[in-house]
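# Coordinates in review
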Amino acid sequence: MTDSSMPFPGPIPSMNQDPGASQDLASSTPGASSTLGTLPSPIVLRHSNDEDVPAMLDIYRHHIGHGVGNLGTFVPTPFDIEDLKARRKNMRKHKLPHLVATIDGVVVGYAYAVLFRKRPAYRFTVKHSIYIHPDRLHRGIGRALLPALIQECAAAGFRQMIGYVDSSNVASLRLHEACGFRQVGYLAAVAFRFGKWTDTVMLQRAIGPEGGQEECTHKP
């Protein structure tokens with residue numbers, strides 16, 4: 001889901017801004033490769049827009065296609081550009097954050113939150129996902145996106161965040177722990193990837209007035 005951890009630098013705008021705008025939220029620690037004597041390009045975070053959808057879909061398809069191995073006779077439901085646009089529009093309607101990270105104007109990762117459950121009693125709780133371009137892993141993109149997503153969810157009035165991480169993804173588990181998440185559940189053998197059953201860790205943190213806005217503390 002994510003790769004490592006570092007603080008997100010400063011406040012970001014409210015989700016009530018124009019959803020079609022591409023206003024930058026902030027620039028994080030440099031994440032692009034550099035040559036000797038030149039500074040690496042910064043990671044820029046902003047709200048997503050429809051023009052980002054093809055790049056996000058490519059990232060998503062890579063992780064789905066390479067994350068589960070041979071599906072055998074199982075045929076997944078097709079997921080195309082219009083599906084992702086509709087999903088993003090529905091998130092904005094419910095004030096759910098949908099962020100992208102760019103380097104030199106190119107989308108290298110994205111993060112979003114959806115309602116944890118659809119019933120009204122759970123309307124203040126969200127679950128989140130983060131996807132990073134496979135060629136940009138371990139560049140600090142995940143550790144820039146997660147704190148930003150926490151702040152966005154808190155600003156939108158949500159009070160709890162839930163995350164699900166593969167038990168073997170040590171980097172993501174450390175990132176979430178550094179950003180205030182704690183393990184609240186362990187789901188054994190719930191996923192089947194590359195011919196074997198894998199476990200999932202359920203994580204949770206409070207946000208907003210009750211949970212505070214502490215920075216991530218883990219350093220790579």
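Presented here is an overview of the structure given in this document. What you see is a predicted model; the values in this text were computed from it and never measured. (Residues numbered from 1 in each chain as written. Predicted model: local features only at pLDDT ≥ 70, side-chain atom pairs only at ≥ 80, totals over all residues. Heavy atoms only, no water.)

## Re helix α3 (residues 141–155)
With 15 residues, α3 extends 21 Å from end C-alpha to end C-alpha; this agrees with the ideal 21 Å at 1.5 Å per step. Among the 15 residues that make up α3, 13 are buried, leaving the element largely enclosed by the rest of the structure. Phi turns positive, to about 100 degrees, at G157, one or two residues after α3. (Helix = DSSP H or I, 4+ residues; strand = E, 2+ residues; numbered from the N terminus. Expected span 1.5 Å × (residues − 1). Buried < 20%, exposed > 50% of the residue type's maximum accessible area, 1.4 Å probe, protein only.)

## Describing unusual backbone geometry
One non-glycine residue, D104, lies in positive phi territory at about 55 degrees. For D104, the position within the fold is in the loop between β3 (98–103) and β4 (106–115). Residue class for D104 comes out exposed when judged on its relative accessible area of 60%. Within the chain, A189 stands out as a residue other than glycine whose phi angle is a positive 55 degrees. Mapped onto the elements of the fold, A189 is located in strand β7 (residues 182–193).

## Describing the nonpolar core
Residues L45, Y110, I141, L145, C153 and M161 are the most contacted members of the largest nonpolar core, which totals 43 residues. Sorting elements by how many residues they give to this core places α3 first, with 9 residues. (Core = buried A, V, L, I, M, F, W, Y, C linked by side-chain atoms within 4.5 Å.)

## As for the side chain of T102
With respect to the helices, strands and loops of the structure, T102 is situated in strand β3. Here T102 falls in the buried class, since its relative accessible area comes to 5%. Other than its neighbours up to four places away in sequence, T102 contacts P42, I43, V44, R46, V107 and V108. (Contact = heavy atoms within 4.5 Å.)

## A look at the pairing of strand β5 (residues 125–132)
The buried count for β5 comes to 7 of 8 residues, which makes it a mostly enclosed element. Where β4 meets β5, 7 bridges bridge the pair, whose relative direction is antiparallel. The residue bridging G109 from the neighbouring strand is I132, located in β5. Between the parallel elements β5 and strand β6 (residues 160–166), the chain passes through α3 in a crossover that is right-handed. (Pairing = 2+ DSSP bridges. Right-handed = clockwise from strand over helix to strand, strands pointing away.)

## Focus on helix α2 (residues 81–93)
An ideal rise of 1.5 Å per residue puts 18 Å on 13 residues; α2 measures up with 18 Å between its terminal C-alpha atoms. Listed as buried for α2 are L84, R88, M91 and R92. Axial view of α2: buried residues confined to an arc of 100 degrees, hence all on one face. Of the residues in α2, the exposed ones pointing more than 90 degrees away from the buried face are E82, K89 and K93. Immediately downstream of α2, the backbone of K95 shows phi near 60 degrees, a positive value. (Arc of directions from axis to C-beta.)

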